[in-house]
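Inside the fold
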Amino acid sequence: MELSNKTEYAILSLLALAKCYADGESLQIREIAARQNIPNRYLEELLATLRRGGLIKSIRGVKGGYVLAREPQKITVLEALRCIEGSDDEPSKPSNIKTVETEVIHDVWQEVRQAAYDVLQKHTLQDLCEQRISKQQMELMYYI
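Please read all numbers here as calculations on a predicted model, not as lab measurements.

What to know about the environment of Ile84
Structurally, the position occupied by Ile84 is in helix H4 (residues 77–85). For Ile84, a relative accessible area of 7% corresponds to the buried category. Along the chain, Ile84 and Glu101 lie 17 residues apart, while their C-alpha atoms are 33 Å from each other. Excluding residues within four positions of it along the chain, Ile84 makes contact with Lys6, Thr7, Ala10, Leu46, Thr49 and Leu50.

Structure follows, in structure tokens:
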């Protein structure tokens, strides 16, 4: 399981929105793109996907933009991954060669995938925001 640029950009976008959630502030595409260094055109597509997936809402008008659809502690990293990459709940197809060895490999891969999903389900946007703050504070302390 690998983190694609698409998913990384989506999570970065969600983190920008999570940071503004408590203030009720919405962010426009150009603001998110500038804060997270994401190309505007690419971000438009990602935000549309996140909106269709129910993770964000768009607000029209002069003060319009995007906001999280739910509280940051109620959106998991797994939800973001599935929204962007699609649901991967189907077990992978075993190879055409049916041997005990291929079954064992398939069983181990399923266990790995389940462990990854468990970790992604455990972490929320709020957790990532808190980890970011902690790392930023550690960097500041290091430079003093």
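Side note on the packing of helix H2 (residues 29–36) against helix H3 (residues 40–52)
Close contact between H2 and H3 brings their axes to 10 Å; oriented N to C, the two are set at 115 degrees. Compared by their axis directions, H2 and H3 come out roughly perpendicular. At the point where H2 passes H3, the crossing takes the right-handed sense. Each of Ile29, Arg30, Ile32 and Ala33 in H2 lies in contact with H3, whose residues at this interface are Asn40, Leu43, Glu44 and Leu47. Tallied by class, residues from the contact of H2 with H3 come to five nonpolar, one polar and two charged.

Criteria and thresholds
Residues numbered from 1 in each chain as written. Predicted model: local features only at pLDDT ≥ 70, side-chain atom pairs only at ≥ 80, totals over all residues. Heavy atoms only, no water. Helix = DSSP H or I, 4+ residues; strand = E, 2+ residues; numbered from the N terminus. Buried < 20%, exposed > 50% of the residue type's maximum accessible area, 1.4 Å probe, protein only. Contact = heavy atoms within 4.5 Å. Axes fitted to C-alpha atoms, helices over the stretch in contact; angles between N-to-C directions. Parallel < 35°, antiparallel > 145°, perpendicular 65-115°, else oblique. Left-handed = near helix turned anticlockwise from the far one by under 90°. Nonpolar A, V, L, I, M, F, W, Y, C, P; charged D, E, K, R; others polar.

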